Amino acid sequence: MYTRHCHFLKPHHPYRRLKKAFNGSQEHETTPIPLTSEQVFQQVEHLNTVFGKTQKKDKSKTCIWKKRSIFFDLPYWSDLDVRHCIDVMHVEKNVCDSVIGTFLNIQRKMKDGLNTRQDLAEMAIRSQLHPMSDGKKIYLPPACHTLSRKEKISFCQCLHWVKVPQGYFSNIKSLVQLKELKLVGLKSLDFHVLMQQLLAMAIRDILPNKVRLSITRLCFFFNAICSKVLDLVKFDDLENEATIILCQLEMYFPPAFFDIMVHLIVHLFREIKCCGPIYLRWMYPVE
């Protein structure tokens with residue numbers, strides 16, 4: 001789980017003082033400083049890679065690297081500030097998949113369930129969401145992101161009847177199953193359009209206002225960073241917006257929602273500063 005995004009906020013941001021909304025304690029840590037290329041190379045330069053599942057590996061906290069990449073044999077590799085570009089469309093796909101899977105309770109895609117609620121009980125946070133048992137059945141109290149059947153139908157019908165120009169999107173009617181109330185067969189480009197254009201429209205009459213606002217801000221954020229023109233004057237504000245959105249999502253979604261793909265949102269701006277606009281590095285023309 002990649003939580004505690006509050007330490008990416010400014011030192012005196014009010015979110016840092018909230019306890020119940022996050023992990024039960026105030027956040028006092030400062031924003032971590034990214035490692036330089038030389039520092040990374042020094043940590044992996046003498047790393048002894050052990051292959052095979054039967055071999056014992058170093059699991060100490062001081063060893064954060066599993067192996068040394070073969071690309072470090074290249075003479076210029078250790079001097080690069082960005083060695084691996086983030087595929088933003090892949091990030092969009094996974095984030096949107098987690099959001100929709102959690103809303104519609106799609107198996108293997110939802111980030112809320114019995115195990116997640118038990119984690120909340122072990123962490124001693126959000127007591128109102130802890131699982132309740134009467135000796136025979138286990139009851140999971142509804143969360144702020146939990147949709148009723150009527151809301152699920154409204155969400156799926158909104159996407160089912162949407163009309164877009166030819167070639168802009170897949171046949172949405174074949175992707176939305178109204179009986180099972182789920183989406184199937186979406187490709188990365190479909191999630192790209194869904195995340196930036198359609199998701200905010202589909203949730204406009206469901207969910208509490210705060211949750212709906214956070215998801216809508218997330219959609220607008222992806223739309224802004226993927227545009228062909230980035231305003232350098234508003235660039236720092238957009239970077240702060242990403243952190244605030246993740247902190248708001250932490251208030252409403254369970255910790256299991258925050259996997260590595262959601263966490264990568266806070267690292268997109270360093271790549272944009274070094275490599276330029278994202279649209280120049282889209283992967284789908286090659287795919």
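Preceding this paragraph is the structure being described.
Residues numbered from 1 in each chain as written. Predicted model: local features only at pLDDT ≥ 70, side-chain atom pairs only at ≥ 80, totals over all residues. Heavy atoms only, no water.

Draft legend 1. Region of interest: the overall build of the protein chain. Scanning the protein chain from N- to C-terminus turns up 10 helices and 4 strands. Start at the N end of the protein chain and walk to the C end: the helices and strands fall as α-α-α-β-β-α-α-β-β-α-α-α-α-α. In terms of overall dimensions, the protein chain is globule-like: its C-alpha atoms have a radius of gyration of 21 Å, near the 19 Å expected for 287 residues. Excluding contacts between residues fewer than 6 apart, the proportion of contacts in the protein chain whose partners are at least 24 apart in sequence is 65%. Accessible surface for the protein chain amounts to roughly 17,800 Å². Of this, 54% is attributable to carbon and sulfur atoms. (Helix = DSSP H or I, 4+ residues; strand = E, 2+ residues; numbered from the N terminus. Rg over C-alpha atoms; globule rule 2.2 N^0.38 Å. Contact = heavy atoms within 4.5 Å. Areas by Shrake-Rupley, 256 points an atom, 1.4 Å probe, with all protein chains shown as cover.)

Draft legend 2. Fine view of unusual backbone geometry. Non-glycine residue Arg108 carries a positive phi angle of around 70°. For Arg108, the location among the structural elements is in the loop between α2 (88-104) and α3 (114-123). By relative accessible area, which is 87% here, Arg108 ends up exposed. (Buried < 20%, exposed > 50% of the residue type's maximum accessible area, 1.4 Å probe, protein only.)

Draft legend 3. Looking closely at a nonpolar patch on the surface. A surface patch of nonpolar side chains, amounting to about 400 Å² of accessible area, comprises Ile70, Phe71, Leu74 and Tyr76. Structurally, Ile70 is set in the loop between α1 (37-44) and α2. Residue classification places Ile70 among the exposed residues on the basis of a relative accessible area of 63%. (Patch = residues over 30% accessible without salt bridge, like charges linked within 9 Å, V, L, I, M, F, W, Y side chains within 5 Å. Salt bridge = Lys/Arg side-chain N within 4 Å of Asp/Glu carboxyl O.)

Draft legend 4. Region of interest: α1. Looking only at α1, the buried set comprises Ser37, Val40 and Val44. Buried residues of α1, seen end-on, are gathered within an arc of 65° and therefore sit on one face of the element. Facing away from the buried side of α1 by more than 90 degrees, the exposed set consists of Glu38 and Gln42. (Arc of directions from axis to C-beta.)

Draft legend 5. Here's a closer look at the packing of helix α4 (residues 149-160) against helix α6 (residues 188-202). One way to put it is that α4 packs onto α6 with a least axis distance of 9 Å and a crossing angle of 130°. When the axis of α4 is compared with that of α6, the two are oblique. The interaxial crossing formed by α4 with α6 has right-handed handedness. Contacts between α4 and α6 involve Phe155, Cys158 and Leu159 from the first element and Leu194, Leu198, Leu199, Met201 and Ala202 from the second. (Axes fitted to C-alpha atoms, helices over the stretch in contact; angles between N-to-C directions. Parallel < 35°, antiparallel > 145°, perpendicular 65-115°, else oblique. Left-handed = near helix turned anticlockwise from the far one by under 90°.)

Draft legend 6. Summary view of the state of the cysteines. If you walk through the whole model with that rule in mind, you get 0 disulfides. With no disulfide of its own, Cys6 lies closest to Cys247 among cysteine sulfurs, the gap being 3.8 Å. Taking relative accessible area as the criterion, Cys6 reaches 4% and is therefore assigned buried. Cys158 supplies the cysteine sulfur nearest to Cys156, a cysteine that is in no disulfide, at a spacing of 9.9 Å. (Disulfide = S-S within 2.5 Å.)

Draft legend 7. The packing of aromatic side chains, seen in detail. One pass over the full model with this rule turns up 10 aromatic pairs. Grouped by ring-pair contacts, the aromatic residues Phe103, Phe253, Phe257 and Phe258 constitute a single cluster. (Phe/Tyr/Trp six-rings, centres within 6.5 Å; stacked < 30°, edge-to-face > 60°.)

Draft legend 8. Broad picture of the nonpolar core. Of all hydrophobic cores here, the largest spans 71 residues; its most connected members are Phe155 and Ile225. Those elements giving two or more residues to this core turn out to be α2, α4, α5 (172-175), α6, α7 (209-225), α8 (235-252), α9 (260-263) and α10 (268-275). In terms of residue count, the dominant contributor to this core is α8 (10 residues). Here Ile225 is in contact with Val88, Leu230, Leu238, Leu268, Phe269, Ile272 and Ile278, once residues within four sequence places are set aside. (Core = buried A, V, L, I, M, F, W, Y, C linked by side-chain atoms within 4.5 Å.)

Draft legend 9. Highlighting the pattern of salt bridges. Under the definition given, this model contains 9 salt bridges. The salt bridge partner of Asp73 is Arg68, with a shortest N-O separation of 3.2 Å. For the salt bridge of Glu241 with Arg217, the shortest nitrogen-to-oxygen distance reads 2.7 Å. Here Arg217 lies in helix α7 and Glu241 lies in helix α8, a separation of 24 residues in the sequence. Among the charged side chains, a network of salt bridges with common partners joins Arg4, Glu27 and Glu29.

Draft legend 10. Molecular detail of the side chain of Thr116. Looking at where Thr116 falls in the secondary structure, it is placed in helix α3. Exposure remark for Thr116: the relative accessible area of 10% places this residue in the buried category. Sequence-distant contacts of Thr116, defined by excluding residues within four places in its chain, comprise Lys111, Pro254 and Ala256.

Draft legend 11. Focus on the side chain of Thr102. Tracing the backbone shows Thr102 in helix α2. One polar contact links the side chain of Thr102 to the main-chain amide nitrogen of Lys111, over a distance of 3.2 Å. Not counting the four nearest positions on each side in its chain, Thr102 is found in contact with Lys109, Met110, Lys111, Asp112, His145, Phe253 and Phe257. (Polar contact = N/O pair within 3.5 Å; in protein donor to acceptor, adjacent residues only side chain to side chain.)

Draft legend 12. Structural context of the environment of Lys93. For Lys93, the position within the fold is in helix α2. Spatially, the C-alpha atoms of Lys93 and Leu189 are 8.1 Å apart, while their sequence positions differ by 96 residues. Apart from the residues lying within four places of it in its own chain, the contact partners of Lys93 are Ser188 and Phe191.

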